[in-house]
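Below are the chains, spelled out letter by letter.
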Amino acid sequence: MAESRPEERTIELDLNDERATVDLAAALAGVARVGDVIALSGELGAGKTVFARAFVRALSGGPGGDRREVPSPTFTLAQAYDCDAGTVHHFDFYRLSRPEEAWELGIEDAFADGVSLVEWPERLGPELPETRLEVAFFFAADPNARIARITARDDWRARLRGAGID
């Protein structure tokens, strides 16, 4: 018997500039909850880290967010940020050799007790939770613009509508 996949909804957004990526991150941060996993994919330089930085800042310090340093965890593989709304775990699995290596970084606890932003989620293979929000970034014709393809499952579909993303 074939496994059924959760019902999905996919939305494509034109992000005309970096500010639009920041606004998208802030909107999603506003509806994120403990236990959420947000999978960020796209080529190098497509906007994953810009999104993650804006997401963390949006959850820290109100409408404008704070200006805290939010580096890419390319070399450390993981960063955790204590924010007003809880802990945000930021993972970059670009250098992961095997999906099982992620367990050494504490993903099980991170997935349970905070919001997890996962760059290069395909490197997790079967370890990536089925219940997640996927945000894929693509380059657009304008070098400053991007396209975001958002795939929502489960209650993320309603949360996107609540965030004004539809």
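About the cut-offs
Counting from 1, residues in each chain are numbered in the order their sequence is written. Per-residue local features of the predicted model are confined to residues with pLDDT of at least 70, and side-chain atom pairs are confined, for both listing and counting, to 80 or more; whole-chain, interface and lining totals are unaffected and use all residues. Values shown for side chains rest on all heavy atoms present in the structure; no hydrogens or waters enter the calculation. Each residue is placed in one exposure class: buried if its accessible area under a 1.4 Å probe, protein chains only, is under 20% of its type's maximum, exposed if it is over 50%, and partly exposed if it falls in between. In this description a helix means any DSSP run of H or I spanning at least four residues, a strand means any run of E spanning at least two, and both kinds are numbered starting from the N terminus. In short, DSSP must find at least two bridges between two strands for them to pair. One speaks of a salt bridge when a side-chain nitrogen belonging to Lys or Arg is within 4 Å of a carboxyl oxygen belonging to Asp or Glu. Counting of polar contacts relies on pairs of N or O atoms within 3.5 Å, with two restrictions inside protein: one atom must be capable of donating a hydrogen and the other of accepting it, and residues adjacent in sequence are counted only when both atoms are side-chain atoms. Aromatic pairs are defined between Phe, Tyr and Trp rings, using the six-membered ring for Trp, whenever the two ring centres lie within 6.5 Å; interplanar angles under 30 degrees are classed as stacked, those over 60 as edge-to-face, and all others as tilted. Angles here are taken between N-to-C directions and fall from 0 to 180 degrees, while the axes themselves are lines fitted to C-alpha atoms, restricted in helices to the stretch in contact. Oblique is the label for any angle not covered by the other classes, which are roughly parallel (under 35 degrees), roughly antiparallel (over 145) and roughly perpendicular (65 to 115). Here a crossing is called left-handed whenever its near helix is offset anticlockwise from the far helix by less than a right angle, and right-handed whenever the offset is clockwise. Here, two residues are considered to be in contact whenever any of their heavy atoms come within 4.5 Å of each other. Nonpolar residues are Ala, Val, Leu, Ile, Met, Phe, Trp, Tyr, Cys and Pro. Charged residues are Asp, Glu, Lys and Arg, and all others, Gly as well, are polar. Expected helix span is given by 1.5 Å per residue-to-residue step, counting one fewer step than there are residues.

S.K.: What should I look at first to understand the pairing of strand β2 (residues 37-42) in this one?
M.R.: Counting buried residues along β2, five of its six residues qualify, which places the element largely inside the surrounding structure. Examined bridge by bridge, β2 and strand β5 (residues 115-119) share four bridges and lie parallel to one another. In the strand pairing of β5, Ile 38 is matched with Leu 117. Sheet analysis places β2 next to strand β6 (residues 133-139), joined by five bridges and oriented parallel. For Ser 41, the partnering residue across the bridge sits in β6 and is Ala 136.

S.K.: What's the story with the pattern of salt bridges in this structure? I'm lost.
M.R.: Scanning all chains against the criterion turns up 10 salt bridges. The residue Glu 134 makes a salt bridge to Arg 132 at a minimum N-O spacing of 2.7 Å. The salt bridge partner of Glu 134 is Arg 153, with a shortest N-O separation of 3.0 Å. Within this pair, whereas Glu 134 is found in strand β6, its partner Arg 153 is found in strand β7 (residues 146-153), the two being separated by 19 residues in sequence. Owing to a relative accessible area of 23%, Glu 134 belongs among the partly exposed residues under this scheme. Residues joined by salt bridges that share partners form a network here, namely Glu 8, Glu 130, Arg 132, Glu 134 and Arg 153.

S.K.: Would you mind showing me how to read the side chain of Asp 92 here?
M.R.: Counting through the fold element by element, Asp 92 comes out in strand β4 (residues 86-92). From its side chain, Asp 92 meets the backbone nitrogen of Tyr 94 in a polar contact 3.0 Å long.

S.K.: Honestly, the packing of aromatic side chains in this entry has me stumped. Any pointers?
M.R.: Applying the stated criterion across every chain yields a total of five aromatic pairs. Measuring from centroid to centroid gives 5.3 Å for Phe 91 and Phe 93, while their planes differ by 20 degrees, and the two rings are stacked. In terms of burial, Phe 91 and Phe 93 fall into one category: buried. On the basis of an interplanar angle of 80 degrees and a centroid distance of 6.5 Å, the ring pair of Phe 91 and Phe 111 is categorised as edge-to-face. With Phe 91 in strand β4 and Phe 111 in helix α3 (residues 107-113), the pair connects residues that are 20 residues apart, well separated along the chain.

S.K.: Which parts of the structure should I look at to understand the pairing of β6?
M.R.: Taken residue by residue, a regular strand's side chains alternate between the two faces of the sheet. Inspection of the sheet shows β6 paired to β7 by seven bridges, in the antiparallel sense. Opposite Val 135, over in β7, you have Ile 150 as the bridge partner.

S.K.: Mind showing me how you'd approach the packing of helix α1 (residues 18-29) against helix α2 (residues 48-58) here?
M.R.: Packed helix pairs are specified by the crossing angle of their axes together with the interaxial distance, meaning the distance between the axes. The contact between α1 and α2 brings their axes to 8 Å, and the two run at 50 degrees. By the angle class used here, α1 and α2 are oblique. For the pair α1 and α2, the crossing hand works out as right-handed. On α2, the residues that touch Glu 18, Thr 21, Val 22, Leu 24, Ala 25, Ala 26, Leu 28 and Ala 29 of α1 are Val 50, Phe 51, Ala 54, Phe 55 and Ala 58. Here the contact of α1 with α2 is built from residues that sort into 11 nonpolar, one polar and one charged.

S.K.: Help me out: how do you make sense of α1 in this one?
M.R.: Every α-helical turn comprises 3.6 residues, leaving residues that sit three or four positions apart pointing alike. Here α1 contains 12 residues, and its C-alpha end-to-end distance of 17 Å stays within 8% of the 16 Å for a straight helix at 1.5 Å per residue. Restricting attention to buried positions, one finds in α1 the residues Ala 20, Thr 21, Leu 24, Ala 25, Leu 28 and Ala 29. Where α1 begins, one side-chain oxygen reaches toward the backbone nitrogen of Arg 19, 3.2 Å away; that side chain belongs to Asp 17.

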